[in-house]
Amino acid sequence: MAKVPKPIVALPVAGLAYVASQVYRAGHRKDLPSFGNQETSGTFGHPGDTKLRMVAIGDSSITCPGVDNVDDCFVRRIAIHLSGRYFIDLTSLAVGGSKARDVIDGQLEAAVAQRPDLAFVSVGANDAIRATPVSSYEADLTTIVGALHNVSGAVAVMGVGDLGTIPRLPRSLQPFLTFRARRIDDAASRVAEQFDRAAKTENWGRMSTAFASGDLDLWAGDQFHVSGQGHAIFAEEALPTIEELLPYAVGEHS
C-alpha cells in the first residue's frame, strides 16, 4: 500500500489546531459578555387537549444563552405554536457546549427513558468548531437518533447552519468554518435519511442567508449565540419538518 505523503496529512491537523486556538481566544474576549444556560422545559396549551410529549437534547441552541425571553427560544416557539392543537409537555435535557459524544454520555439515557412522542436533536455546531472528525460525528449522531427512534413517535434533527457567519469568531476562519459546518450538516442529513420516522431541518437556505446579512440583532450580546430574533428564524425554518413528523408523533400516520 502506498504511503500518504506527510504534508497532506499534517496540513489538516495543523489547520484544526489553529482553528481551535482562535476559537479559544474568541471565547475569552473581555469586551463581550458571557451567558449561561437557560431552562427551556415547560408545559403549553390546554390540559384537556391531546398530550404531546416532547424531549429536546443537544447544545446551546436549545438552552438559549443570551435570549432575553426564554419563550423566544426556538424549541419553546415550536411548543407554543403546537399548543393550539395539543397539550405540550416539553422536557429539555440539553447542555450548552455539548458535542454529539457528550449527548450520548450525559443526555441520551434520560431522553430514551422519557419515551417521547417527538424528540428534538440539536447538536453538531460544537463538533464542527472543535474539530470532531465528520465520521465520528456521523457515527455518534446515528447512535443518538437510532436510540430515540426506537422509543419515540418521531425524531427531528435540527442540523447545522453556516457557522462562518458567527460575528464573535475571526473573519479569517469564515471559509473554514463554513466548510466544516456544511460537512457536519450533510452528515446529519445522511443520518436522518436512515430512519423512516426522522427528518432533518433545512439549514442552508433562508437561515444561512439571514445570518450572513451582518444583522447583529440576530445575535445575542456575546455575538456567538443567536438572539430571540435569531431563534424566530430557527423556528420558522424548522416548522415544515415538524409538521411533516407530527402524524408519526401523534399516531395518525397510516
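Residues numbered from 1 in each chain as written. Predicted model: local features only at pLDDT ≥ 70, side-chain atom pairs only at ≥ 80, totals over all residues. Heavy atoms only, no water.

## Comments concerning the state of the cysteines
According to the stated counting rule, one finds 1 disulfide in the structure shown. Covalent S-S linkage joins Cys64 and Cys73, the inter-sulfur distance amounting to 2.0 Å. Across the S-S bond of Cys64 and Cys73 the torsion is about 45°, and the bridge reads as right-handed. Taken individually, Cys64 and Cys73 each receive the classification buried, so the pair is uniform in this respect. (Disulfide = S-S within 2.5 Å. Buried < 20%, exposed > 50% of the residue type's maximum accessible area, 1.4 Å probe, protein only.)

## So, the sheet that holds strand β6 (residues 198-200)
Pairing within the open sheet is mixed, and its 6 strands lie in the order β1-β3-β2-β4-β5-β6. Where the open sheet ends on each side, the last strands, each with one partner, are β1 (42-44) and β6. On average, adjacent strands in this sheet sit at an angle of 20° to one another, irrespective of strand direction. Examined bridge by bridge, strand β2 (residues 51-58) and strand β3 (residues 87-92) share 6 bridges and lie parallel to one another. Among the inter-strand pairings, Arg53 is bridged to a residue of β3, identified as Asp89. Relative to strand β5 (residues 154-157), helix α10 (residues 228-249) is tilted by about 165°, and along the sheet it contacts β2, β4 (118-122), β5 and β6. (Pairing = 2+ DSSP bridges. Helix = DSSP H or I, 4+ residues; strand = E, 2+ residues; numbered from the N terminus. Axes fitted to C-alpha atoms, helices over the stretch in contact; angles between N-to-C directions. Contact = heavy atoms within 4.5 Å.)

## Quick notes on the packing of helix α3 (residues 74-82) against α10
Between α3 and α10, the least distance of the axes is 8 Å, while the angle of their chain directions is 50°. Taken together, α3 and α10 sit at an angle that is classed as oblique. Judged by the sense of rotation from one axis to the other, the crossing of α3 with α10 is right-handed. Together, Phe74, Arg77, Ile78, His81 and Leu82 of α3 and Gly228, His231, Ala232, Phe234, Ala235, Ala238, Leu239, Ile242, Glu243 and Leu246 of α10 make up the contact between the two elements. Broken down by class, the residue content of the contact of α3 with α10 amounts to 10 nonpolar, 3 polar and 2 charged. (Parallel < 35°, antiparallel > 145°, perpendicular 65-115°, else oblique. Left-handed = near helix turned anticlockwise from the far one by under 90°. Nonpolar A, V, L, I, M, F, W, Y, C, P; charged D, E, K, R; others polar.)

## Considering the nonpolar core
Ranked by size, the top nonpolar core spans 73 residues in total, and within it Phe120, Leu141 and Ile144 carry the most contacts. Counting residues per element, this core draws most heavily on α10, which supplies 9 residues. Residues in contact with Leu141, not counting those within four places in the same chain, are Val121, Val123, Val157, Ala188 and Val191. (Core = buried A, V, L, I, M, F, W, Y, C linked by side-chain atoms within 4.5 Å.)

## A look at empty space enclosed by the protein
Counted according to the given criterion, the structure contains 1 cavity of 30 Å³ or more. As for the largest cavity, its lining consists of 32 residues, of which Ser61, Ala125, Leu163, Val226 and Phe234 are closest to the centre. Mapped onto the lining of the largest cavity, the elements with two or more residues apiece are α2 (60-63), α6 (125-129), α9 (206-211) and α10. Broken down by class, the residue content of the lining of the largest cavity amounts to 17 nonpolar, 13 polar and 2 charged. (1 Å grid on protein atoms, 1.4 Å probe; cavity = no way out; pocket = protein on both sides within 12 Å on 5 of 7 lines; lining within 4 Å. Points joined across faces, edges and corners; volume = space filled by probe spheres on them.)

## A look at helix α8 (residues 174-192)
With 19 residues, α8 should cover 27 Å at 1.5 Å per step; its first-to-last C-alpha distance of 27 Å lies within 8% of that length. Within the sequence span of α8, burial applies to Leu177, Arg180, Ala181, Ile184, Asp185, Ala187, Ala188, Val191 and Ala192. One face of α8 carries all of its buried residues, which in axial projection span an arc of 155°. (Expected span 1.5 Å × (residues − 1). Arc of directions from axis to C-beta.)

## Things to note about unusual backbone geometry
Unlike most non-glycine residues, Cys64 shows phi in positive territory, near 60°. Relative to the elements of secondary structure, Cys64 occurs in the loop between α2 and α3.

## As for the packing of aromatic side chains
In total, this model carries 3 aromatic pairs according to the counting rule given. Each ring, one from Phe74 and one from Phe234, has its centre 6.1 Å from the other, and the planes form 80°; the classification is edge-to-face. One end of the pair, Phe74, is in helix α3; the other, Phe234, is in helix α10, and 160 residues separate them in sequence. This pair shows no difference in class: Phe74 is buried, exactly as Phe234 is. Ring pairs connect the aromatic residues Phe74, Phe211, Trp219 and Phe234, which therefore count as one cluster. (Phe/Tyr/Trp six-rings, centres within 6.5 Å; stacked < 30°, edge-to-face > 60°.)

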